[in-house]
Structures are given as C-alpha cells and as structure tokens.
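Summary of the model geometry
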2 protein chains.
Amino acid sequence: MNKLAVIALGGNALLRGDQAGTIEEQEQNTTDTLENLVYLIKDGYNLVITHGNGPQVGNILMRNDAGESMYQIPQMPLDICVADSQGGIGYMIERMLRNVLRKHNIEREVVTLVTMAVVDNRDEAFSNPTKRIGKIYTKQEADELNKNKGWIFKQDMKKAGGWRRVVPSPKPVSIINERVVKTLAHQGTIVIASGGGGIPVYIDEEDRVRPAEAVIDKDLASSLLAARIHADEFYILTDVSYVYIHYNTPQQEIREFLDYEDTLKLLRAGMFGEGDMAPKIRACLQFIEGGGKKSVITEAFKLEDKRFGTKITREYED
Amino acid sequence: MNKLAVIALGGNALLRGDQAGTIEEQEQNTTDTLENLVYLIKDGYNLVITHGNGPQVGNILMRNDAGESMYQIPQMPLDICVADSQGGIGYMIERMLRNVLRKHNIEREVVTLVTMAVVDNRDEAFSNPTKRIGKIYTKQEADELNKNKGWIFKQDMKKAGGWRRVVPSPKPVSIINERVVKTLAHQGTIVIASGGGGIPVYIDEEDRVRPAEAVIDKDLASSLLAARIHADEFYILTDVSYVYIHYNTPQQEIREFLDYEDTLKLLRAGMFGEGDMAPKIRACLQFIEGGGKKSVITEAFKLEDKRFGTKITREYED
C-alpha cells in the first residue's frame, strides 16, 4: 500500500511577508512550492495538503472593515472569513497543482474540501485571547468596537502602540470531515483540506455545531488530521531546512534526527522559540503521540532529497 | 439503489433582496430552506446541493474595492472572489445541514467541495460581456478603471444611469471535480458543490487550467453537473411554486407537467422571462438532453409533497 503523507504549507509558501499580496505573486509562490511535491508523488506517496491563511485572512478582515466603513456592508464573523480564505487559497493550490501534475504527466485526482475543526468551548484559551488579528486601531476606535461588537483588544508595542483585536487560539480536538479525507486520500486522491487550521467550531450541549470566534494553529490542526487519517508521515514546510537549538546564537546547532523523548526535553527546556519553532515542534510531537511514524520539518525545495530536514520519530532509527 | 437528486438553491434561499445581509439572516434562511430537504432524505434520496452566490460575491467585490481604496490591499480577480464565496457559503450550508440532520436523527456524511467549472475561451460570450457585477461607478471612475484594469463598463439605467462593470457569462462545458462528486454522492455522502456556478476556468492550448474573468449561470452549471454525475432528478428551488406562461398577465397559466418538446416550443415562443425563468428552463432542458429523467422547478417548502412544482420530463408521464 502507498504511504500517506500530510504536508502543511506555511504562510510563506504561498505569500511572503515582503510581497504586496497580488494574485500573481501568490500563484508563482504556490507553483514553486508545489513543484517540490512531485518528488513525493513520483515516489508513490498519497498526499493531503494543508495550508496557512495568515496574510490572506488578514486581508479579508481588513476588507470587511473597509466594506463596512465605506459601504455599510455587514462584517462577517471570523468563521466565515476563515471559510472564505479556504475557498480562495484552496482553489489556487488546486489549480496550480493540476497544472504542475499535467506538466509532469502525472494522473491524479485533486479535490479541495472546506474543513471545520472542532475545539472545546471550555478550552482555557477562551478566557485568555492572545492571537492578534486584523487592523491596527486607535484606543478610541478599539473602545468603540469593544462596546459595539464585544471585541477584545490588546496594545501592540511592535505596532507603534496601536490596538489590535485578540482572539483565543484553542486546541483542535477533531476535524469534522476527517473520514472523507481519509477515504479519498488512501484511494490516491490528493486532498487539499484544513486550510488556516480549519474553520473554528464547537459542539454545544444540544449537539449542534456552532461557530467559535477563534483561530486554530494550522500546524496543530494539520498534525491532528494526519494522526486521525492514519498518515505515515507529517511534513511541516517552512523557511528553514532544519530545526536548530540555540537558534541565532553562537551555540546554534542543527538537529537532524530527534526522537520523541529528546524533543520533549528540548521543548521543555525552552530550546525552541515560542511563536516560531515551538508550536511546530508541538504539532510534530502530537502526530507521534497519535500513532504517526515520522514528522519532518524542512523547506519545500529540500524534498528532493530525503536526507534533508529534521526528522522526529518515536525512537531513533538504526 | 437510491435515487440521486441535485438541488440548486437560489439566491433567495440564502439571502433575500430585502435583507441587510447579516450572517444571522443568512443562517436562518439557510436552515429554513434545508429543513425541506429532509423529506427527500427520508425518502431515501442521495443529494448534491449547489447554490447561488449573487449577494455574497457582490459584497466580496465591494469589500475588495473598499480594501484597495482605504488600505491599498490588492484586489483579487473574479475567480478568487467566487472561490472565496464558495468557501463561506458552502461552510454555512454544511454547518446548518449538519444541525438539521442531527435534529432529525439522520446519520449522513456531508462534505463541501471547492469546484471549478470549465468554459470554452472561444465562447462568443467573451466578445459580448453582459453580466453586471460589483458597485455602481461614475463615468469618470469607470473610465479610470477601464484604463488601469481593462474592466469593461455599461451604463445601468435601472441604477440611476451609473456605470457598472460587465463580464461575460459563458456556457459551462464541464465540471472539474465531477468524478469525485459522483463517487461520493452515489455512496450516500451529501455533497455541497459548484457554488455560484463554479469558479470559471478554461483550458489553454498547453492543457493548463487558467482563470476566466467571467461568471457562470449557476442553474446551467448545476444541471450540467447533474447530468454528468448521472443524477435521476434535478431541482431548481426558487421563489415561485410553479412555472407559469403569460406570467403576471391576465392570461397567466400554471404549467404543472411539461415534456421536453413542449417546453422547448414555449421557450422559443418567448413564454418565459429572460433574466428570470428562461435561464432556469434552459438548465432543466439541458439536464434532460444529458440523459436526466426529471427536472423540477418549485419553492423549497413545497418539497414536502411531490405533487407540487413544475415537472419537466422527456415525455409526458402516464
């Protein structure tokens, strides 16, 4: 049976921070990234592709703000904005992937699924919103929005002391369409799913699916999906080729192979930057805890040669 | 084997023209509409649900305009805007449907697919754009946008002589993910797909999938999908319970049963309003031409009793 890999594309695989955000830039970046998946496909892998949505949903939130200001168009809540971004980004990845496959004469079905991720509405993240989203407001605007919409704001010292809306980032506990993803992926269809960490929902006391005003870490959602669909391998594609300890210090050191226990120790010792490598490491560990064989953190263009990248496994391989 | 029906939800099934467009309104309308599908599901039908996106993509286009004016965020092309609307609307329908099914103790998988519809880039519609989209501009603004973005404008006498962007509305020739839709739907999964007529794309001379700056009639795309996946029945849910001839005149007359030949004659005699019932009739005929057994035009709340609605079949049934 073919191996199944879940590939999580980081934000910069689609749109880099130094770019304006035009569709031409996004299409080119996406094609460049997807070209590297051809190595895995030719190697016989089945694939599920997940992706971030940071810059895109940021723009959608700003457009919602502008549309209300200029044309009195009601703003959509966060769940709809994430869902919109899954449609736009998922379509773009699917179209580019179809063209890449065609170029390499590979016949594979490709499908993009709109995906909800379930969180626990008693998750402690709900009482401590930390994730900054949307535009920078003045104190007065923030107070107004807090009064009118109940939004919570924190001052952002990195953004000249402006005020930004903060939302909770709870842990995903399940992926709503995981059974369909699993069936399609194991049949050989390349599935694009769980964009932007999934659309955040919770299950209420009457067993109804309700929207959560939250954002979910895309690597955590991707690794949860990977474990639930019994993927063999989980890849996080980012902007470094390897995981380092003492990163950006004179003691900087590459870690190419890591086992579960050592990784956990290094994580607890604070060896990985919070807001940077630490969440990715947690996602990799979650995959191993869920029964996965191997998590890999590397850059897209290193996929050509499997020697590259940091490989995290349950035990060190011989 | 269970019958397969494709249900095309009209714009007003999700958001009525007299509403502001808040998410609460859209969720309530959607739930009210979906409640009526329970009759078909309990009757053993497999379902594919398609939907319009007129008001929603209209708002997305306005927000793109506002985001560029206020915050210099690059506008997305029409294909991305349609894809965004598929994500947002598809998610909303899926979530509401899951809750409706739960309420009725029905166990069915539900999945939402981002869908591209292929048009022919030599379609004559491309040399005669007719479909009005987006906001109303002054003559000066329209000239500016024509120069900068190549957009084509027509004066809209219904909108106080303002200028509106027009785009082509070519015929869909295939639906890109139709094989996956077919497999899932015949297995009993309720599939939400082909929103807003599908994301318009064409296949270039090098066999690549390219975006088309166009919009596709959602009923035509839905009936094409219905025929290609071998659906037994095709429903267009709209704001009238029956098809009429001489509609809104003293000679107004209900047509409850119609065969293919009679419908074609009435269509050619101009008995159905262009911009209203005629495109729906064309979609129904296209389904019959593609091998479908029965097309139905009616209101959602009439699904309870199959005697309601106008039924178009190849031959009159005994």
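None of the values given here were measured: they were computed from a predicted structure.

Analysis parameters
- Every chain is numbered independently, its residues counted from 1 as its sequence is written.
- Key to labels: chains lettered from A, ligands numbered from 1, both in the order written.
- The predicted origin of the model limits local features to residues at a pLDDT of at least 70 and limits the giving and counting of side-chain atom pairs to 80 or more, whereas totals for whole chains, interfaces and linings rest on all residues.
- Working from all heavy atoms in the structure, the side-chain values ignore hydrogens and water.
- Each domain's extent is set by a domain assignment, obtained either automatically or from a database.
- The criterion used for residue contact is that any of the two residues' heavy atoms lie within 4.5 Å.
- Once two parts are brought into contact, the accessible area they lose, counted with a 1.4 Å probe and summed over both, makes up the buried area.
- When a carboxyl oxygen of Asp or Glu lies within 4 Å of a side-chain nitrogen of Lys or Arg, that pair is called a salt bridge.
- Secondary structure elements are defined from DSSP: runs of H or I of at least 4 residues count as helices, runs of E of at least 2 residues count as strands, and each element is numbered from the N terminus.
- For the exposure calls, accessible area comes from a 1.4 Å probe over protein chains only, and a residue counts as buried if that area is under 20% of its type's maximum, exposed if over 50%, partly exposed in between.
- To superpose the copies, least squares is applied to the C-alpha atoms of every residue with a pLDDT of at least 70 in both.
- Nonpolar cores are built from buried Ala, Val, Leu, Ile, Met, Phe, Trp, Tyr and Cys residues. Side-chain atoms within 4.5 Å join them into one set.
- The criterion for strand pairing is that DSSP finds at least two bridges linking the strands in question.
- Whenever a helix is involved, its axis is fitted only over the stretch in contact; in every case the axis is a line through C-alpha atoms, and angles between N-to-C directions fall within 0 to 180 degrees.

The next point concerns the domain arrangement of chain A. All names here are of chain A. Entries for chain A in the domain assignment read domain 1 (4-121 + 171-313) and domain 2 (129-167). Using only C-alpha atoms to locate each centre, domain 1 and domain 2 end up separated by 27 Å. Counting residues at the interface gives 9 residues for domain 1 and 9 residues for domain 2. Contact between domain 1 and domain 2 buries roughly 700 Å² in total, counting both sides, with carbon and sulfur atoms accounting for 63%. For the interface between domain 1 and domain 2, the tally reads 2 salt bridges.

It is worth spelling out the environment of Ala5(B) at this point. Residues and elements named next belong to chain B. Relative to the helices and strands, alanine 5 resides in strand β1 (residues 4-9). On the basis of relative accessible area, alanine 5 is assigned to the buried category, the value being 0%. Linking alanine 5 and glutamine 140, residues 135 residues apart in sequence, is a C-alpha distance of 48 Å. Apart from the residues lying within four places of it in its own chain, the contact partners of alanine 5 are Tyr45, Asn46, Leu47, Val48, Glu233 and Tyr235.

Another point: the relation of the copies chain A and chain B. For the pair chain A and chain B, the relating rotation is 180°, the translation along its axis is 0.0 Å, and the fit reaches an RMSD of 0.0 Å. What we have between these two chains is a two-fold relation.

A few words on the nonpolar core. The biggest cluster of nonpolar side chains holds 100 residues, and the ones touching the most others in it are Ile7(A), Leu47(A), Tyr235(A), Ile7(B), Leu47(B) and Tyr235(B). The contacts of Tyr235(A), once residues within four sequence positions are left out, are Ala5(A), Val6(A), Ile7(A), Ala8(A), Leu40(A), Tyr45(A), Val296(A), Leu303(A) and Lys306(A).

Attention now goes to the interface of chain A and chain B. Taken together, the contacts link 52 residues of chain A with 52 residues of chain B. Regarding the contact of chain A and chain B, the summed buried area is about 4,800 Å², with carbon and sulfur atoms giving 66% of it. Sorting the residues of chain A by area buried against chain B places Arg63(A), Tyr71(A) and Tyr91(A) first, and these three jointly supply 15% of that buried surface. Taken together, the links from chain A to chain B amount to 4 salt bridges.

The next thing to look at is the sheet that holds strand β6 (residues 152-156) of chain B. Residue and element names in this part refer to chain B. Ordered by their spatial adjacency, 3 strands build an open sheet running β5-β7-β6, and the pairing between neighbours is antiparallel. The open sheet has two edge strands, β5 (131-137) and β6, and neither has a second partner. Mean inter-strand twist for the sheet, computed between neighbouring axes without regard to direction, equals 40°. Of the pairings in the sheet, the one linking β6 to strand β7 (residues 162-167) comprises 5 bridges and is antiparallel in character. What sits directly across from lysine 154, in β7, is arginine 164. Set on the sheet, helix α6 (residues 139-149) makes contact with β5, β6 and β7; between it and β5 the angle comes to about 120°.

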